[in-house]
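# Notes for the structure review
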Amino acid sequence: MEEYKITTRSDNETIAIAQNIESEKFPNMVICLNGELGSGKTVFAKGFAHSMGIDEITSPTFTIIKEYTGGELPLYHMDVYRLEDSSEDIGISEYFDKGGVTIIEWADTIKDILPKERLDIRFKITGENTRVIILNPHGEKYNSICEAII
Ligand SMILES: Nc1ncnc2c1ncn2[C@@H]1O[C@H](COP(=O)(O)OP(=O)(O)OP(=O)(O)O)[C@@H](O)[C@H]1O
Ligand SMILES: [Mg+2]
(Lines give C-alpha, C1' and ligand atoms only; values in the text may rest on other atoms or scores of the structure.)
(Ligands and ions follow the chains in the order given, each with its own letter.)
Protein backbone atom coordinates (compact mmCIF):
# COMPACT_ATOMS: atom_id res chain seq x y z
CA MET A 1 0.00 0.00 0.00
CA GLU A 2 1.13 3.53 -0.69
CA GLU A 3 3.05 5.65 1.80
CA TYR A 4 2.20 9.30 2.45
CA LYS A 5 4.90 11.73 3.47
CA ILE A 6 4.32 15.14 5.06
CA THR A 7 6.78 17.68 6.45
CA THR A 8 5.68 19.85 9.37
CA ARG A 9 7.50 22.97 10.52
CA SER A 10 5.95 23.51 13.95
CA ASP A 11 3.98 21.78 16.70
CA ASN A 12 0.87 23.37 15.28
CA GLU A 13 1.40 21.86 11.84
CA THR A 14 1.75 18.42 13.43
CA ILE A 15 -1.37 19.09 15.48
CA ALA A 16 -3.20 20.05 12.28
CA ILE A 17 -2.37 16.64 10.78
CA ALA A 18 -3.69 14.98 13.94
CA GLN A 19 -6.89 17.02 13.70
CA ASN A 20 -7.40 16.05 10.08
CA ILE A 21 -7.06 12.37 10.94
CA GLU A 22 -9.33 12.83 13.95
CA SER A 23 -12.06 14.15 11.69
CA GLU A 24 -12.06 10.74 9.96
CA LYS A 25 -12.12 8.69 13.15
CA PHE A 26 -14.33 5.64 13.65
CA PRO A 27 -14.89 3.09 16.44
CA ASN A 28 -12.00 0.64 16.80
CA MET A 29 -9.58 2.87 14.90
CA VAL A 30 -5.97 2.00 15.76
CA ILE A 31 -3.13 4.49 15.25
CA CYS A 32 0.44 3.34 15.84
CA LEU A 33 3.10 5.99 16.44
CA ASN A 34 6.82 5.36 16.10
CA GLY A 35 9.90 7.55 15.97
CA GLU A 36 12.77 8.58 18.20
CA LEU A 37 12.50 10.44 21.53
CA GLY A 38 11.12 13.93 21.11
CA SER A 39 9.98 13.38 17.54
CA GLY A 40 6.37 14.46 18.15
CA LYS A 41 4.34 11.36 19.03
CA THR A 42 2.83 12.94 22.13
CA VAL A 43 2.26 16.26 20.36
CA PHE A 44 0.26 14.31 17.78
CA ALA A 45 -1.68 12.33 20.42
CA LYS A 46 -2.55 15.49 22.35
CA GLY A 47 -3.66 17.26 19.19
CA PHE A 48 -5.86 14.31 18.30
CA ALA A 49 -7.34 14.16 21.81
CA HIS A 50 -7.97 17.89 21.90
CA SER A 51 -9.83 17.64 18.63
CA MET A 52 -12.02 14.90 20.17
CA GLY A 53 -12.91 17.25 23.00
CA ILE A 54 -10.45 15.76 25.49
CA ASP A 55 -8.19 18.33 27.08
CA GLU A 56 -6.48 16.77 30.03
CA ILE A 57 -4.08 14.44 28.27
CA THR A 58 -1.16 13.57 30.49
CA SER A 59 1.85 11.57 29.44
CA PRO A 60 1.11 7.91 30.05
CA THR A 61 4.77 6.92 30.41
CA PHE A 62 4.36 5.29 33.80
CA THR A 63 0.86 3.96 33.39
CA ILE A 64 1.14 2.49 29.87
CA ILE A 65 -2.60 2.84 29.21
CA LYS A 66 -4.76 5.88 29.84
CA GLU A 67 -8.44 5.84 29.09
CA TYR A 68 -10.34 9.05 28.33
CA THR A 69 -14.09 8.95 28.11
CA GLY A 70 -14.94 12.64 27.94
CA GLY A 71 -14.96 12.84 24.12
CA GLU A 72 -17.29 11.71 21.34
CA LEU A 73 -15.64 8.28 21.44
CA PRO A 74 -13.44 6.79 24.15
CA LEU A 75 -9.73 7.36 23.58
CA TYR A 76 -7.12 4.88 24.73
CA HIS A 77 -3.69 6.50 24.80
CA MET A 78 -0.82 4.09 25.33
CA ASP A 79 2.92 4.43 25.64
CA VAL A 80 4.50 0.99 25.49
CA TYR A 81 8.11 2.23 25.65
CA ARG A 82 8.61 0.51 28.98
CA LEU A 83 7.32 -2.88 27.89
CA GLU A 84 10.04 -5.33 26.88
CA ASP A 85 7.92 -6.79 24.10
CA SER A 86 4.39 -7.99 23.41
CA SER A 87 4.89 -11.05 25.65
CA GLU A 88 4.31 -8.59 28.47
CA ASP A 89 0.82 -8.14 27.04
CA ILE A 90 -1.21 -6.65 29.83
CA GLY A 91 -4.52 -6.83 28.05
CA ILE A 92 -3.54 -4.26 25.42
CA SER A 93 -5.15 -6.10 22.52
CA GLU A 94 -8.53 -6.02 24.29
CA TYR A 95 -8.65 -2.29 23.65
CA PHE A 96 -8.50 -2.64 19.87
CA ASP A 97 -12.15 -3.65 19.55
CA LYS A 98 -13.68 -1.89 22.54
CA GLY A 99 -15.32 0.73 20.35
CA GLY A 100 -12.92 3.61 20.93
CA VAL A 101 -9.84 5.00 19.24
CA THR A 102 -6.47 3.58 20.29
CA ILE A 103 -3.27 5.62 19.89
CA ILE A 104 -0.06 3.78 20.76
CA GLU A 105 3.33 5.47 21.19
CA TRP A 106 6.31 3.19 20.48
CA ALA A 107 3.93 0.68 18.87
CA ASP A 108 6.78 -1.26 17.22
CA THR A 109 7.53 -2.67 20.68
CA ILE A 110 4.34 -4.73 20.49
CA LYS A 111 4.18 -5.27 16.73
CA ASP A 112 3.25 -8.96 17.15
CA ILE A 113 -0.10 -8.11 18.69
CA LEU A 114 -1.09 -5.11 16.55
CA PRO A 115 -4.22 -5.55 14.44
CA LYS A 116 -3.63 -6.16 10.74
CA GLU A 117 -5.75 -3.14 9.84
CA ARG A 118 -4.27 0.03 11.32
CA LEU A 119 -2.56 3.33 10.57
CA ASP A 120 1.17 3.41 11.18
CA ILE A 121 2.73 6.85 11.57
CA ARG A 122 6.48 7.36 11.74
CA PHE A 123 8.06 10.61 12.91
CA LYS A 124 11.53 11.69 11.86
CA ILE A 125 13.39 14.67 13.28
CA THR A 126 14.87 16.66 10.41
CA GLY A 127 15.59 19.93 12.22
CA GLU A 128 14.83 21.80 15.41
CA ASN A 129 11.24 22.42 14.39
CA THR A 130 10.84 20.19 11.37
CA ARG A 131 9.49 16.66 11.35
CA VAL A 132 8.87 14.28 8.51
CA ILE A 133 5.67 12.33 9.15
CA ILE A 134 5.19 9.14 7.18
CA LEU A 135 1.71 7.65 7.07
CA ASN A 136 1.56 3.96 6.34
CA PRO A 137 -2.02 2.70 6.08
CA HIS A 138 -2.77 -0.99 6.47
CA GLY A 139 -6.18 -1.72 5.00
CA GLU A 140 -8.48 0.07 2.58
CA LYS A 141 -10.28 2.05 5.28
CA TYR A 142 -7.05 3.60 6.52
CA ASN A 143 -5.82 4.18 2.99
CA SER A 144 -8.88 6.26 2.13
CA ILE A 145 -8.37 8.31 5.29
CA CYS A 146 -4.83 9.11 4.18
CA GLU A 147 -6.06 10.07 0.72
CA ALA A 148 -8.77 12.25 2.22
CA ILE A 149 -6.49 14.20 4.53
CA ILE A 150 -3.44 14.72 2.31
N1 LIG B 1 7.14 20.06 13.73
C2 LIG B 1 7.04 19.60 14.99
N3 LIG B 1 6.09 18.69 15.29
C4 LIG B 1 5.99 18.19 16.55
N5 LIG B 1 6.78 18.54 17.58
C6 LIG B 1 7.76 19.45 17.34
C7 LIG B 1 7.92 20.01 16.05
N8 LIG B 1 8.96 20.89 16.10
C9 LIG B 1 9.41 20.86 17.36
N10 LIG B 1 8.70 20.01 18.13
C11 LIG B 1 8.98 19.74 19.56
O12 LIG B 1 9.44 18.41 19.66
C13 LIG B 1 9.01 17.86 20.90
C14 LIG B 1 8.19 16.61 20.65
O15 LIG B 1 7.91 16.03 21.88
P16 LIG B 1 6.97 14.80 22.09
O17 LIG B 1 6.79 14.65 23.56
O18 LIG B 1 5.76 14.92 21.25
O19 LIG B 1 7.87 13.62 21.52
P20 LIG B 1 7.63 12.06 21.62
O21 LIG B 1 7.88 11.52 20.26
O22 LIG B 1 6.32 11.78 22.27
O23 LIG B 1 8.83 11.60 22.58
P24 LIG B 1 8.89 10.37 23.61
O25 LIG B 1 9.38 9.21 22.81
O26 LIG B 1 9.89 10.83 24.62
O27 LIG B 1 7.53 10.14 24.19
C28 LIG B 1 8.20 18.93 21.61
O29 LIG B 1 9.06 19.60 22.50
C30 LIG B 1 7.77 19.83 20.46
O31 LIG B 1 7.58 21.16 20.89
MG1 LIG C 1 5.72 10.73 23.99
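Above: the structure in question.
Now for a look at the structure at hand. Quick caveat: nothing in here was measured; it's all calculated off a predicted structure.

Another aspect to go through is the site of ligand 1. Near ligand 1 lie 18 residues; those nearest to it are Thr14, Gly40, Lys41, Thr42 and Val43. Elements represented by at least two residues in the shell around ligand 1 include exactly helix H1 (11-22) and helix H2 (41-51).

This paragraph deals with the nonpolar core. Considering soluble globular proteins, one finds that nonpolar side chains tend to be buried as a cluster. Formed by 34 residues in total, the largest nonpolar core has its most connected members in Ile31, Cys32, Leu33, Phe48 and Ile121. Contributing elements (two or more residues each) for this core: H1, strand E2 (29-35), H2, strand E4 (75-79), strand E5 (101-105), strand E6 (118-125), strand E7 (131-138) and helix H3 (140-149). Once residues within four sequence positions are removed from consideration, Leu33 is found in contact with Lys41, Phe44, Ile103, Ile104, Glu105, Ala107 and Ile121.

One non-glycine residue, Ile64, adopts positive backbone phi at about 70 degrees. Structurally, the position occupied by Ile64 is in the loop between H2 and strand E3 (65-68). A residue is classified by how many C-beta atoms lie within 10 Å of it, and Ile64, with 17 of them, is partly exposed. Non-glycine residue Trp106 carries a positive phi angle of around 60 degrees.

Another point: the environment of Ile90. Within the element layout of this structure, Ile90 appears in the loop between E4 and E5. A residue is classified by how many C-beta atoms lie within 10 Å of it, and Ile90, with 10 of them, is exposed.

In space, the seven strands of this open sheet follow the order E1-E7-E6-E2-E5-E4-E3, with mixed pairing throughout. Two strands lie at the open edges of the sheet, namely strand E1 (4-8) and E3, each paired on one side alone. The mean inter-strand angle of the sheet, taken between neighbouring strand axes irrespective of direction, is 20 degrees. In the sheet, E3 pairs with E4 via four bridges, with the strands oriented antiparallel. Across the sheet, residue Ile65 finds its bridge partner in E4, namely Met78. Packing of H3 onto the sheet brings it into contact with E1, E6 and E7, and relative to E7 it is tilted by some 145 degrees.

Most of E4 is tucked away: five of the five residues are buried. Burial along E4 is two-sided: Leu75, His77 and Asp79 facing one way and Tyr76 and Met78 facing the other are all buried. Hairpin connection from E3 to E4: six residues lie between these consecutive antiparallel strands. When E4 meets E5, the two strands line up parallel, connected through five bridges. In the strand pairing of E5, Tyr76 is matched with Thr102.

Turning our attention to the environment of Arg82. Within the secondary structure, Arg82 sits in the loop between E4 and E5. Residue Arg82 is classed as exposed on the basis of its C-beta count, with 12 C-beta atoms lying within 10 Å. Taking C-alpha positions, Arg82 is 28 Å from Phe26, a pair spaced 56 residues apart along the chain.

To describe two helices that pack against each other, one gives the angle between their axes and the distance between the axes. Viewed as axis vectors pointing N to C, H1 and H2 meet at an angle of 50 degrees, and their least axial separation amounts to 8 Å. For the element pair H1 / H2, the angle class is oblique. For the pair H1 and H2, the crossing hand works out as right-handed. Of the residues in H2, those in contact with Asp11, Thr14, Ile15, Ala18, Gln19, Ile21 and Glu22 of H1 are Val43, Phe44, Gly47, Phe48 and Ser51. Its residues placed into classes, the contact of H1 with H2 shows six nonpolar, four polar and two charged.

Cut-offs used in this document
- Residues numbered from 1 in each chain as written.
- Chains lettered and ligands numbered in written order.
- Predicted model: local features only at pLDDT ≥ 70, side-chain atom pairs only at ≥ 80, totals over all residues.
- Near = placed C-beta within 6 Å.
- Helix = DSSP H or I, 4+ residues; strand = E, 2+ residues; numbered from the N terminus.
- Core = buried A, V, L, I, M, F, W, Y, C linked by C-beta atoms within 7 Å.
- Buried ≥ 20, exposed ≤ 12 C-beta atoms within 10 Å, placed from the backbone.
- Contact = placed C-beta atoms within 7 Å.
- Pairing = 2+ DSSP bridges.
- Axes fitted to C-alpha atoms, helices over the stretch in contact; angles between N-to-C directions.
- Parallel < 35°, antiparallel > 145°, perpendicular 65-115°, else oblique.
- Left-handed = near helix turned anticlockwise from the far one by under 90°.
- Nonpolar A, V, L, I, M, F, W, Y, C, P; charged D, E, K, R; others polar.

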